[in-house]
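What follows is the residue order along each chain.
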Amino acid sequence: MSEPITPAWEWDADEVRSIGHRIADLVADHLTALPGKPVWQPYEATVPPADGGPVGLDEVLDEIAERVLAYPFGNGHPRYAAWVNSPPHVLGAYAETLAATLNPSVAGGDHAAVHVEREVIRVFRELAGFPDTGMGLLVSGGSMATLTALAVARHRAAERHGLDVREHGLAGRTFVLYLGTEGHGSARKAAELLGIGSANIRLIPADADHRMRPDLLRQQVEADKGAGVVPVAVMASAGTVNTGAIDPLTEIAGICAEHELWLHVDGSYGGPAVLLLDDHAPVRAALSAVDSIALDPHKWLYAPVDAGLVLLRDAQLARDAFSLVPPYLRTDDEPWFSEFGFDQTRPFRALKVWAQLRHLGLDGYRRLIARDIAVAGRLAAVVEADPELELLAHGLSVVCFRSAGLADEQNREVLTEVQHAGRAFLAGTTVNGVFALRACVVNPRMGSADAEAIVAEVRRAAGLIRRRAPRRPPPPPDPR
Ligand SMILES: Cc1ncc(COP(=O)(O)O)c(C=O)c1O
């Protein structure tokens, strides 16, 4: 510890600048050196004790360089294609610093951050075709977006049944939700938190393409009619996490309209593709009729975590579900964001999202997303052409595959081997009951050559596991 400890809150401009320059060097070195480093490696350092200071700023930055930046999650690397985590855009990374420099609470009021968030919301509201009586909120992620939307849906459903859920909770009534079997687990968590209970989720089976079956949804909704339950919402997906499937939203929206059901669409992953790409214009048209959408800038819009977005068709309903300002005290002024959701103090998430949108433009985003889809397409094509591999599913930028002839357990070992070798990073999942390696490309740093290298790495790992596998006796001859 060589330099004196700077007294708190008394930095002069030169000090602030020099800390910033050092950090800019760390950012630059990190982002440019990543491709030559392991995609991921186990954490082998120790975190210096947070209560062991005071320690000089330079020393803290050294520790961050050696013990934090050296052990990334993996998602800045060109050969990371696992969970839905993108590399950050450099402008977004720095915008986070600027947002933190202002450090406002975006609960509400009349300061820049509120206006920037409103502008971001406007863009997505219009892309989704929602009316200007709709609204949105930047939240922590897709899970919070879905929880927020379902809280509003629950409020409306209760009201329709003469219940005041804010005052009395579920009042002993059974509320039910409809979710596709491929729907994300956050929907289940939301149902549990909202008191609905996961046992009251009606799981609607999928078709061969992993899309919710509208005929079975209709059957279930009709079976529930007259059963004394309070139907809350149908939760559909515009891009499932497992296989990138998009549920048949037009048919589902028709069923919801007929039965006056709330329709929530989880577009946390696939939303940007649906909102921006011409190929998805029919799905986009269906979206304009839904009640709420979850959509994550921190996934396929490459914004640094965290940035989720919930869009709600009816702002008034959201306010009724959350606001603690009684209707008779509400003014005509712009209401506070905190009246529409759970959080009171809210971070300035909008700056990075706005800055990236402004810089890349919607067309820039279209090109980046289309490129991810094309790279995933290349990966799928290489898998399909390889007799040792088996393509299990391919939707949007998700590709699920496995080593043909290896059992589930061995394919799991292939995944572990790939992850630990550090040359590529994939995730695992289950498709039609079998274990699959899953690639999800939300990564503008990844090119076709990286996609090919990832498949080659799987092939290498599979060879290793095959050689390691105990030789099994051949199956007995078929007696027929
Ligand atoms: C389809 C889908 N929905 C919801 C979520 C949850 O989003 P978050 O992790 O931002 O809460 C994810 C996360 O991967 C997802 O892919």
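- Looking up the chain in an unreviewed UniProt entry gives the name Pyridoxal phosphate-dependent decarboxylase family protein, with the organism given as Hamadaea flava.
- Its UniProt record gives the chain the following Sequence similarities (unreviewed entry) comment, quoted word for word: "Belongs to the group II decarboxylase family."
- For the chain, the Cofactor (unreviewed entry) comment in UniProt is given as "pyridoxal 5'-phosphate".

**Considerations on the nonpolar core**
Step number 1: Among the nonpolar cores identified, the biggest contains 110 residues, and Phe124, Leu177, Leu217, Val234 and Leu263 are the most heavily contacted of them.
Step number 2: Ranked by residue count, the leading element in this core is helix 5 (residues 142-160), at 10 residues.
Step number 3: Both domains that furnish three or more residues to this core are identified here as domain 1 (104-347) and domain 2 (357-468).
Step number 4: Excluding its chain neighbours within four sequence positions, the residues that come into contact with Leu177 are Leu150, Ala191, Ile196, Asn200, Ile201, Arg202, Val232, Ala233 and Met235.
Step number 5: By size, the runner-up hydrophobic cluster in this structure holds 28 residues, among which are Ala81, Leu379, Phe401 and Phe435.

**A few points about the environment of Leu102**
Step number 1: Along the polypeptide, Leu102 turns up in helix 3 (residues 90-102).
Step number 2: The exposed category is assigned to Leu102, whose relative accessible area is 59%.
Step number 3: Distance in space between the C-alpha atoms of Leu102 and Pro131 is 32 Å, their sequence separation being 29 residues.

**Some thoughts on a nonpolar patch on the surface**
Step number 1: On the surface, Trp9, Trp11, Val16 and Leu57 cluster together to form a nonpolar patch covering roughly 480 Å² of accessible area.
Step number 2: Structurally, the position occupied by Trp11 is in the segment before helix 1 (13-33).

**Thoughts on the domain arrangement of the chain**
Step number 1: The assigned domain composition of the chain is domain 1 (104-347) and domain 2 (357-468).
Step number 2: If you average the C-alpha positions of domain 1 and of domain 2, the two centres end up 30 Å apart.
Step number 3: For the pair domain 1 and domain 2, the summed buried surface comes to about 1800 Å²; carbon and sulfur atoms form 70% of the total.
Step number 4: In terms of surface lost to domain 2, no three residues of domain 1 exceed Leu276, Trp300 and Tyr302, which account for 33% of the buried area on that side.
Step number 5: On the surface where domain 1 and domain 2 come into contact, there are 10 residue pairs in polar contact (both at pLDDT 80 or more).
Step number 6: The set of elements that each furnish at least two residues to the side of domain 1 that touches domain 2 consists of helix 4 (112-128), helix 10 (271-276) and helix 12 (297-300).

**Re the pattern of salt bridges**
Step number 1: Tallied over the full model, the rule gives 28 salt bridges.
Step number 2: Where Asp386 meets Arg459, a salt bridge forms, and the shortest distance between an N and an O atom there is 2.4 Å. One end of the pair, Asp386, is in the loop between helix 14 (350-385) and strand 8 (389-395); the other, Arg459, is in helix 16 (residues 448-468), with 73 residues separating them in the sequence.
Step number 3: Relative accessible area serves as the criterion here: at 31%, Arg459 is assigned to the partly exposed category.
Step number 4: Arg460 serves as the salt-bridge partner of Glu417, at 2.9 Å between the closest nitrogen and oxygen. Here the residue Glu417 occupies a position in helix 15 (residues 408-421), and Arg460 occupies one in helix 16, the gap between them amounting to 43 residues.
Step number 5: When salt bridges with common partners are traced through the structure, they connect Glu417, Arg423, Glu457 and Arg460 into a single cluster.

**Some details on the packing of helix 1 against helix 2 (residues 57-69)**
Step number 1: The contact between helix 1 and helix 2 brings their axes to 11 Å, and the two run at 10°. Here helix 2 runs roughly parallel to helix 1, going by the angle between their axes. Every residue of helix 2 that contacts helix 1 at Ile19, Arg22, Ile23, Leu26 and His30 is listed here: Leu57, Asp58, Leu61, Asp62, Ala65 and Leu69.
Step number 2: Counted by class, the contact of helix 1 with helix 2 contains 7 nonpolar, 1 polar and 3 charged residues.

**With respect to the sheet that holds strand 5 (residues 262-267)**
Step number 1: Across the sheet, 7 strands lie side by side as 1-7-6-5-4-2-3; this open sheet has mixed pairing. Sheet topology places strand 1 (135-139) and strand 3 (201-204) at the edges, where each strand pairs with a single neighbour. Going across the sheet, the axis of each strand differs from the next one's by a mean of 20°, ignoring polarity.
Step number 2: Lying over the sheet, helix 5 contacts strand 1, strand 2 (175-180), strand 4 (230-237), strand 5, strand 6 (292-295) and strand 7 (308-312), oriented at roughly 150° with respect to strand 4.
Step number 3: Sitting on the sheet, helix 7 (residues 185-193) touches strand 2, strand 3 and strand 4, and the angle it makes with strand 3 is about 160°.

Cut-off values and rules
- Residues numbered from 1 in each chain as written.
- Predicted model: local features only at pLDDT ≥ 70, side-chain atom pairs only at ≥ 80, totals over all residues.
- Heavy atoms only, no water.
- UniProt positions renumbered as here; feature names shortened; annotations may be inferred.
- Core = buried A, V, L, I, M, F, W, Y, C linked by side-chain atoms within 4.5 Å.
- Buried < 20%, exposed > 50% of the residue type's maximum accessible area, 1.4 Å probe, protein only.
- Helix = DSSP H or I, 4+ residues; strand = E, 2+ residues; numbered from the N terminus.
- Domains from an automatic or database assignment.
- Contact = heavy atoms within 4.5 Å.
- Patch = residues over 30% accessible without salt bridge, like charges linked within 9 Å, V, L, I, M, F, W, Y side chains within 5 Å.
- Areas by Shrake-Rupley, 256 points an atom, 1.4 Å probe, with all protein chains shown as cover.
- Salt bridge = Lys/Arg side-chain N within 4 Å of Asp/Glu carboxyl O.
- Buried area = accessible area lost by both parts, 1.4 Å probe.
- Polar contact = N/O pair within 3.5 Å; in protein donor to acceptor, adjacent residues only side chain to side chain.
- Axes fitted to C-alpha atoms, helices over the stretch in contact; angles between N-to-C directions.
- Parallel < 35°, antiparallel > 145°, perpendicular 65-115°, else oblique.
- Nonpolar A, V, L, I, M, F, W, Y, C, P; charged D, E, K, R; others polar.
- Pairing = 2+ DSSP bridges.

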